Amino acid sequence: MTEPACRELVELITAYLDDVLEVATRRGFEEHLAACGGCERYLEQFRSVIATVEDLPPAPPSSELQAQLMAVFRDWRSS
Amino acid sequence: MDALPEEAVIVAGLRAGDELMFTALVRAWSRNMLWLARSYVSTDGSAEEVLQDTWLAVLRGIGGFAGRATLKTWVYRILVNIAKRRGAGDSRMLPSGSMLDDEPPGRFQGESDPFPGHWKEFPQAWPSSEGGVLAGEARGRIVAALAELPPRQRAVIALRDLDGYTADEVCAILRISPGNQRVLLHRARAALRERVAEYFRGDTEEEP
């Protein structure tokens, strides 16, 4: 395959990171990346966003919803 | 955040009616459960009802839970079943959005430019961060942007990047195709990146 333009490359990043690109596409992706500072930076920022999401702690539900769920639990336990 | 104990301990705790164990699970898992539910039903209120119905079904079924899937995966499957059933009754179809919606206009060169399809200007550099993990306000923007993602994108990124499921596992839980999974995940991640880029560019037009 011919080397993708930047516009195409940014759309392939998730497939690239999941390693599901065909061999020729992957090679074109990596060739482009090695020569394009803009796409290299974009990919790095993409990875940074993923790493940040992976690092986020769970967020507990509202206290109101939590209270409703506790009521569900107590009902179940006493049944 | 408090780490949950190992799965056998959780299951035994639920079977024994251990309220603290239930509370810990609810606190750890509810957000993603709500986001999953919300990708099938059209209101936050419906998603909360799905969550309640799911936990009740989990508690009623925990005695027979055989551990063929992990507990969380089993809980998600129950949730998806309940949410789908309920979502089928919701009259409004959820919009899926078009592929190019989140690409900022004018980012790439046009056909009459010297290098069509290439960057007009490189993305602006971000301040370097420890291991690539963003902190402070940039991180806050990601949290805010997650909450505002279209529900289907949010469900997929929650499973992939918050829960750490593989692409195949996500396809199985949500019963979507690999291509669909990838498009939803990619759009979600690209939207979050854009929000962080806006922040570092100093765009403040969305501020109150």
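Here the structure is shown first, and the text comes after it.
Residues numbered from 1 in each chain as written. Chains lettered and ligands numbered in written order. Predicted model: local features only at pLDDT ≥ 70, side-chain atom pairs only at ≥ 80, totals over all residues. Heavy atoms only, no water.

Undergrad: Please clarify how the nonpolar core should be interpreted in this entry.
TA: Considering soluble globular proteins, one finds that nonpolar side chains tend to be buried as a cluster. Judged by nonpolar contacts, the single largest core of 64 residues is most densely connected at F22, L36, W55, L71, I142, L174 and L192 of chain B. Residue contributions to this core peak at 10 residues, all from helix α2 (residues 19-38) of chain B. Other than its neighbours up to four places away in sequence, F22 of chain B contacts L69, M70 and F73 of chain A together with L14, W55 and L59 of chain B. In this structure, L9, I13 and Y42 of chain A together with F108 of chain B belong to the second largest nonpolar core, which totals 18 residues. (Core = buried A, V, L, I, M, F, W, Y, C linked by side-chain atoms within 4.5 Å. Buried < 20%, exposed > 50% of the residue type's maximum accessible area, 1.4 Å probe, protein only. Helix = DSSP H or I, 4+ residues; strand = E, 2+ residues; numbered from the N terminus. Contact = heavy atoms within 4.5 Å.)

Undergrad: I keep staring at the interface of chain A and chain B and nothing clicks. Help me out?
TA: As a measure of interface size, the accessible area lost when the parts come together is often cited. Across the contact, 44 residues belong to chain A and 56 residues belong to chain B. By the criterion of area lost to chain B, the three top residues of chain A are R7, Q45 and W76 of chain A, representing 13% of everything that side buries. Joining chain A to chain B, the criterion identifies 20 residue pairs in polar contact (both at pLDDT 80 or more). Breaking the side of chain A that touches chain B down by element, the ones donating at least two residues are α1 (6-17), α3 (37-55) and α4 (63-78) of chain A. If one sorts the elements of the side of chain A that touches chain B by residue count, α3 of chain A sits on top with 15 residues. Partitioned by chemical class, the residues of the side of chain A that touches chain B number 27 nonpolar, 9 polar and 8 charged. (Buried area = accessible area lost by both parts, 1.4 Å probe. Polar contact = N/O pair within 3.5 Å; in protein donor to acceptor, adjacent residues only side chain to side chain. Nonpolar A, V, L, I, M, F, W, Y, C, P; charged D, E, K, R; others polar.)

Undergrad: What is the right way to look at unusual backbone geometry in this model?
TA: Peptide bonds are mostly trans, and most non-glycine residues show a negative phi. Phi is positive for D19 of chain A, which is not a glycine, with a value near 55 degrees. Residue class for D19 of chain A comes out exposed when judged on its relative accessible area of 52%. You will see that R175 of chain B, though not glycine, has its phi angle at about 50 degrees, which is positive. Mapped onto the elements, R175 of chain B comes out in the loop between α7 (167-174) and α8 (178-201). Looking at R175 of chain B, the relative accessible area reads 48%, which means it is partly exposed.

Undergrad: I would appreciate a short explanation of the packing of α1 of chain A against α3 of chain A in the present structure.
TA: The relative placement of two packed helices is expressed as an angle between their axes plus a distance between the axes. Residues and elements named next belong to chain A. Interhelical geometry of α1 versus α3 gives an angle of 35 degrees and a closest axis separation of 11 Å. The crossing of α1 and α3 is right-handed. Across the interface between the two elements, C6, L9, V10, I13, T14, Y16 and L17 of α1 pack against C39, Y42, L43, F46, R47 and I50 of α3. For the contact of α1 with α3, the residue count by class is 11 nonpolar, 1 polar and 1 charged. (Axes fitted to C-alpha atoms, helices over the stretch in contact; angles between N-to-C directions. Left-handed = near helix turned anticlockwise from the far one by under 90°.)

Undergrad: What exactly am I supposed to notice about the packing of aromatic side chains here?
TA: The relation between two aromatic rings is expressed through the spacing of the ring centres and the mutual angle of the planes. Overall, the coordinates contain 12 aromatic pairs over all chains when judged by the stated rule. Site record: aromatic cluster; members linked through ring pairs are F73 and W76 of chain A together with F22, W29 and W55 of chain B. (Phe/Tyr/Trp six-rings, centres within 6.5 Å; stacked < 30°, edge-to-face > 60°.)

Undergrad: How do you make sense of helix α5 (residues 136-148) of chain B when you look at a structure like this?
TA: Owing to its 3.6 residues per turn, the α-helix aligns residues three or four sequence positions apart on the same side. For α5 of chain B, built from 13 residues, the straight-helix expectation of 18 Å at 1.5 Å per residue is met to within 8% by its first-to-last C-alpha distance of 19 Å. The complete set of buried residues in α5 of chain B reads A138, R141, I142, A145 and L146 of chain B. For α5 of chain B, the angular spread of the buried residues around the axis is 135 degrees, confining them to a single face. Buried residues belonging to α5 of chain B abut α3 of chain A together with α2, α6 (151-162) and α8 of chain B. (Expected span 1.5 Å × (residues − 1). Arc of directions from axis to C-beta.)

Undergrad: What exactly am I supposed to notice about the side chain of Q109 of chain B here?
TA: Structurally, the position occupied by Q109 of chain B is in the loop between α4 (71-89) and α5. A relative accessible area of 10% means that Q109 of chain B is categorised as buried. Sequence-distant contacts of Q109 of chain B, that is, excluding residues within four places in its chain, are made with R7 of chain A together with P114, F115, P116, G117, H118, W119 and K120 of chain B.

Everything listed here is a matter of geometry and, on its own, says nothing about what the molecule does.
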